[in-house]
Amino acid sequence: MSEQPPAAPHPDHQGLPALYMAELSVWRERWQMIVVAPGPEVVVDALDLGPADTLAVADADGPGHHVIIPSPDPQPVPPLTDAISRLPAVGYTVDPAAWADPAKLNGWTQVTYTCWTAPCHTAAPQT
């Protein structure tokens, strides 16, 4: 999966560790994304990213190659492109260091079959 890089962090946050975390998870058979602060208080309420009806089996050579947790059972495919593009609209962006980490998928880490997280910064103002 080759995505465009995320939006730039706010200039005051460049080079600093990420303090926020985006969480993408399945709830009531739909993908929901929230952003939490270090508290952990929710700073962006649930954004609906559509149905969790696309499934794939984790396989290094197959269509589920992007699914990190190996399993013979199909897993919901996260809408990462939509999540990444919607974050700046709510004031956040995926941490550039996480984006560049080859152990992550465009900055995201699969925590469970239905939950992914990505460290975030506040985004630079949109022009």
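Predicted model only: the values in this text are computed from it and were never measured.

1. Focus: unusual backbone geometry
Even without being a glycine, Glu-29 presents a positive backbone phi close to 65 degrees. Looking at the element boundaries, Glu-29 is found in the loop between strand S1 (20-27) and strand S2 (30-36). What makes Glu-29 exposed here is its relative accessible area of 67%.

2. Quick look at the side chain of His-121
The topology assignment puts His-121 in strand S8 (residues 115-122). Residue classification places His-121 among the buried positions, given a relative accessible area of 2%. A distance of 2.7 Å separates polar atoms of two side chains, one belonging to His-121 and the other to Asp-95.

3. Quick look at the nonpolar core
The tendency in soluble globular proteins is for nonpolar side chains to be buried as a group. Ranked by size, the top nonpolar core spans 23 residues in total, and within it Leu-24, Met-33, Val-35, Leu-87, Tyr-92, Val-94 and Trp-108 carry the most contacts. Taken together, the elements giving at least two residues each to this core come down to S1, S2, strand S3 (42-51), helix H1 (80-86), strand S6 (92-94) and S8. Excluding its chain neighbours within four sequence positions, the residues that come into contact with Tyr-92 are Tyr-20, Val-35, Val-43, Val-44, Leu-87, Cys-120, His-121, Thr-122 and Ala-123.

4. Brief notes about the environment of Ala-52
Relative to the elements of secondary structure, Ala-52 occurs in the loop between S3 and strand S4 (55-56). Note: C-alpha distance between Ala-52 and Pro-79 (27 residues apart in sequence) is 8.7 Å. The residues contacting Ala-52, other than those within four sequence positions of it, are Val-26, Glu-29, Arg-30, Trp-31 and Pro-76.

5. A word on the pattern of salt bridges
Under the counting rule described, the total for this entry stands at 1 salt bridge. In this structure, Asp-48 engages Arg-30 in a salt bridge whose closest nitrogen and oxygen atoms are separated by 2.7 Å. Residue Asp-48 is located in strand S3, and its partner Arg-30 is located in strand S2; the two are separated by 18 residues in the primary sequence. A residue is classified by how much of its surface remains accessible, and Asp-48, at 32% relative accessible area, is partly exposed. The exposure class assigned to Arg-30 is partly exposed, which follows from its relative accessible area of 32%.

6. Digging into the pairing of S8
For S8, the buried fraction is high: 8 of the 8 residues fall into the buried class. Burial of S8 is two-sided: the residues Cys-115, Thr-117, Pro-119 and His-121 facing one way and the residues Trp-116, Ala-118, Cys-120 and Thr-122 facing the other way are all buried. Of the pairings in the sheet, the one linking S6 to S8 comprises 3 bridges and is antiparallel in character. Across the sheet, Tyr-92 pairs through a bridge with Thr-122, a residue of S8. One ladder, built from 3 bridges, connects strand S7 (residues 109-112) with S8; its direction is antiparallel. Bridged to Gln-110 within S8 is Trp-116. Connecting S7 to the antiparallel partner S8 that follows it, the hairpin turn spans 2 residues.

7. A short note on the confidence of the model for the chain
Per-residue confidence for the chain gives a mean pLDDT of 84; residues scoring 70 or more make up 86%. Taken element by element, the predicted model of the chain shows its lowest mean pLDDT in S7 (86) and its highest in S2 (96).

8. Topic: the side chain of Gln-110
Within the element layout of this structure, Gln-110 appears in strand S7. At a separation of 2.8 Å, a polar atom in the side chain of Gln-110 contacts the side chain of Gln-75. From its side chain, Gln-110 meets the backbone oxygen of Thr-112 in a polar contact 3.3 Å long.

What counts and what doesn't
- Residues numbered from 1 in each chain as written.
- Predicted model: local features only at pLDDT ≥ 70, side-chain atom pairs only at ≥ 80, totals over all residues.
- Heavy atoms only, no water.
- Helix = DSSP H or I, 4+ residues; strand = E, 2+ residues; numbered from the N terminus.
- Buried < 20%, exposed > 50% of the residue type's maximum accessible area, 1.4 Å probe, protein only.
- Polar contact = N/O pair within 3.5 Å; in protein donor to acceptor, adjacent residues only side chain to side chain.
- Core = buried A, V, L, I, M, F, W, Y, C linked by side-chain atoms within 4.5 Å.
- Contact = heavy atoms within 4.5 Å.
- Salt bridge = Lys/Arg side-chain N within 4 Å of Asp/Glu carboxyl O.
- Pairing = 2+ DSSP bridges.
- pLDDT = per-residue confidence, 0-100.

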